[in-house]
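Descriptive analysis of the structure
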Amino acid sequence: MNRARYERRKLNNTIFLLTSLLATAFGLSWLLAILGNLLISGITHINLDLFTKMTPPPPGEGGGLANAIVGSLIMSAIAVAIGTPVGILAGTWLAEYGRYSRFAQVVRSLNDILLSAPSIVIGLFVYELIVATTHHFSGFAGACALAFIVIPIVLRQTETMLLLVPNSLREATSALGAPTAFIVQRVIWRSARAGIITGVLLAIARISGETAPLLFTALNNAFWSTDLNAPMASVPVVIFQMAVSPYKGWHELAWAGALLITATVLLLSVIARIIGSEDKHR
Amino acid sequence: MNDSPSRAAPPRLETAVKAAGARRLERSNTLFRQLTFGSALLVLAIFVGMFCVLLYGAWPALHTFGVSFFTKSVWNPVTEKFGILALVYGTLVTSALAMLMALPVGVGIAVFLTEFCPRPLRRPIGISIELLAGIPSIIYGVWGLFVFAPFFQRTAQPFLVDVFADAPVLSSLFAGPPYGIGLFTASLILAIMILPLITAVTRDVFDTAPSVLKEAAYGLGCMTRETVWKVVIPYARAGVFGGAMLALGRALGETMAVTFVIGNAHRIKASLFAPATTISAAIANEFTEAVGDLYKSSLLAAGFFLLFITFVVLALAQLMLVQLEKRAGGMRV
């Protein structure tokens, strides 16, 4: 009787183990399939032309993504330049000044919601804010939309990292007579530097693949343009445009672009991870 | 020689310099504090501004159509009649189906990683899942359109239609011509996309279960399955729920992964294989080409509605996760 019960429990346990194993295999196989396909279909179209030639008109034979790559770089750079200081300063306020105040808690919660807010809604917001008021699409509007995505990521990471800095450091500097601003800038930021840089890298990784907020802010541009006041191409938007088109040449470029973006994102995440973990070992 | 006069003067000068320095230090100190506070205020302003600006843009449509904007599925740019019922239906069905598929698998992976997985494999699998969570959604969309949809159209779709042809309810769910794209495909791509997110959160919450509790369960003779079911999952329930809500919030607002494979049809069909559309897909596809103020405003209103529901879902998620954090922090084991 007892023996039979034990056997049943053992069987159940084995079934449970196999189910969880199966779930893991199932989940990982999808993800492997995506990465595998991406690599196989994209790698053959990665060549010098991709980085030196403009996006071709349909049907898209022999061209590259040069204007889109440059557009992405410009907009990402501006977004980081706007978003990082705001994120770091706001995160500093939450960690060093506000901390337990009610206002800080509200900002913290709203920031966490912004962190997962639909990016297309951010696109709509910037459209109404900038594009509708200036009456034209622009690279600057695209950069702003991306900046709104950078801010919550950097803020969250900065706050988390500053909270990890031991209080004894704050007390020691304070005992030497240093004012709070000095403590924060010269001691706290410095000891949390690796963590904050990790946050910025993660933010760059995130925005380098964002499509939805750029669709109707930066729009797209078939030609070389570095004018922030004009529509600007970006790799994700170009991929979108090319992938839904019926032209085979465009499809191939879309695959190449997709591989390029994924490689960039994964590389940035790995670098961020390495910097983050180095900090932990120290 | 002239020691004595100069000795009298410098201290006064020194204190004056010191006082000026202190004032400057204090001023920069206050300035820095205000600067950080201003940035925090800016985050609040962005959030509130987003709601207000979208509501402002949505107002013409909401004002013109009233309640029928949410209860009708008509979408006619020519006659300028708009109702977002079909969009909301598509959004809710794809998200619900995606959750249905991703939640068990995601939790299963988390169980495997925390309880069964051999130690040397734990880190590599965990890291690869976290990395995959960062892959941009457009990649999932491109893959879904070029690889999965044709494959699905050729193999699984005709098969499912045949198999369920005589089953009462299922026959209407799995019916219609195999397009490859549609509600079901979109849900599946969404599920794959939110899977790493669910796993990452669930694994973290499982890890917060105190090992003393688990050891106690094992000490009583529990097997791994019993420990997980009766100790770990009950302990981490709020966290798993929070993680699921977080994933749901992501799924509801996800644009690119869905836009590629949903088919962009403004109608409500019983069949899961039928093309449909979601709020985000409709905005992504139509907004730049929307001529006429009412058309634009209707899309903005749809966006506002999307923001509102994701806000509710994400706020709920936070409530759950914060509660768990408090308990984990308050519990000294």
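Just so it is clear, the structure is predicted and the values come from calculations on it, not from any experiment.

1. Section: the domain arrangement of chain A
Residues and elements named next belong to chain A. Under the domain assignment, chain A is made up of domain 1 (2-43) and domain 2 (51-281). Summarising the inter-unit geometry, the C-alpha centres of domain 1 and domain 2 are found 35 Å apart. At the interface, 7 residues of domain 1 touch 5 residues of domain 2. Roughly 510 Å² of surface becomes buried between domain 1 and domain 2 when both sides are summed, with 87% attributable to carbon and sulfur atoms. When the buried surface of domain 1 facing domain 2 is broken down by residue, L38, S41 and G42 rank first, second and third, together holding 73% of it. There are 0 salt bridges connecting domain 1 and domain 2. Along the contact surface separating domain 1 from domain 2 lie 0 residue pairs in polar contact (both at pLDDT 80 or more). Split into classes, the residues belonging to the side of domain 1 that touches domain 2 amount to 4 nonpolar, 3 polar and no charged.

2. Comments concerning the packing of helix α7 (residues 167-175) of chain A against helix α8 (residues 180-191) of chain A
Residue and element names in this part refer to chain A. Two elements in contact, α7 and α8, have axes separated by 10 Å at closest approach and are oriented at 150°. Crossing handedness for the pair α7 and α8: right-handed. Contacts from L169, R170, T173 and S174 of α7 reach α8 at F182, I183, V187, I188 and S191. Residue composition of the contact of α7 with α8, grouped by class: 5 nonpolar, 3 polar and 1 charged.

3. Overview of a nonpolar patch on the surface
On the surface, L39(A), I40(A) and I43(A) cluster together into a nonpolar patch covering about 310 Å² of accessible area. Structurally, I40(A) is set in helix α1 (residues 2-43).

4. Let's talk about the interface of chain A and chain B
Contact residues are listed per partner, giving 78 residues for chain A and 82 residues for chain B. Joining chain A to chain B, the criterion identifies 2 salt bridges. As a salt-bridge pair, E226(B) and R9(A) come within 2.8 Å of each other at their nearest N and O atoms. On inspection of chain A and its partner chain B, the count reaches 8 residue pairs in polar contact (both at pLDDT 80 or more). Listed by contribution, the elements that provide at least two residues to the side of chain A that touches chain B are α1, α3 (66-98), α4 (102-116), α5 (119-134), α6 (139-164), α8, α10 (235-243) and α11 (248-281) of chain A. It is α1(A) that provides the largest number of residues to the side of chain A that touches chain B, a total of 21 residues. When the residues that make up the side of chain A that touches chain B are grouped by side-chain class, the tally is 56 nonpolar, 17 polar and 5 charged.

5. Quick notes on the packing of aromatic side chains
Summed over the entire model, instances satisfying the criterion amount to 37 aromatic pairs over all chains. Arranged with centres 6.1 Å apart and planes meeting at 15°, the rings of F65(B) and F69(B) form a pair that is stacked. Each member of the pair, F65(B) as well as F69(B), carries the same accessibility label: buried. Between F82(B) and Y295(B), the aromatic rings sit 5.1 Å apart at their centres with planes inclined by 15°, giving stacked as the arrangement. Placement of F82(B) in strand β2 (residues 81-82) and of Y295(B) in helix α13 (residues 293-330) is noted, with a sequence separation of 213 residues between them. You'll find F82(B) and Y295(B) in the same group, each marked buried. Among the aromatic residues, ring-to-ring pairing joins F26(A), W30(A), W143(B), F148(B), F151(B), F152(B), F164(B), F174(B), F184(B) and F273(B) into one connected group. The positively charged end of K296(B) is found above the aromatic ring belonging to F287(B), 5.4 Å away from the centroid.

6. So, unusual backbone geometry
Of all residues except glycine, most have a negative phi; of all peptide bonds, most are trans. Residue and element names in this part refer to chain B. If you check the backbone angles, E80 has positive phi at about 55° while not being a glycine. When you line up the elements, E80 lands in the loop between β1 (75-76) and β2. With relative accessibility at 30%, the residue E80 sits in the partly exposed group. Residue N264 is not a glycine yet carries a positive backbone phi of 50°. Mapped onto the elements, N264 comes out in the loop between α11 (256-259) and α12 (279-286).

7. Side note on the environment of V78(B)
Residue and element names in this part refer to chain B. Among the structural elements, V78 can be located in the loop between β1 and β2. Of the residues examined, V78 reaches a relative accessible area of 74% and is grouped as exposed. The sequence separation of V78 and T255 amounts to 177 residues, and the corresponding C-alpha distance is 25 Å.

What counts and what doesn't
Residues numbered from 1 in each chain as written. Chains lettered and ligands numbered in written order. Predicted model: local features only at pLDDT ≥ 70, side-chain atom pairs only at ≥ 80, totals over all residues. Heavy atoms only, no water. Domains from an automatic or database assignment. Contact = heavy atoms within 4.5 Å. Buried area = accessible area lost by both parts, 1.4 Å probe. Salt bridge = Lys/Arg side-chain N within 4 Å of Asp/Glu carboxyl O. Polar contact = N/O pair within 3.5 Å; in protein donor to acceptor, adjacent residues only side chain to side chain. Nonpolar A, V, L, I, M, F, W, Y, C, P; charged D, E, K, R; others polar. Axes fitted to C-alpha atoms, helices over the stretch in contact; angles between N-to-C directions. Helix = DSSP H or I, 4+ residues; strand = E, 2+ residues; numbered from the N terminus. Left-handed = near helix turned anticlockwise from the far one by under 90°. Patch = residues over 30% accessible without salt bridge, like charges linked within 9 Å, V, L, I, M, F, W, Y side chains within 5 Å. Areas by Shrake-Rupley, 256 points an atom, 1.4 Å probe, with all protein chains shown as cover. Phe/Tyr/Trp six-rings, centres within 6.5 Å; stacked < 30°, edge-to-face > 60°. Buried < 20%, exposed > 50% of the residue type's maximum accessible area, 1.4 Å probe, protein only. Lys NZ or Arg CZ within 6 Å of the ring centre and 35° of its normal.

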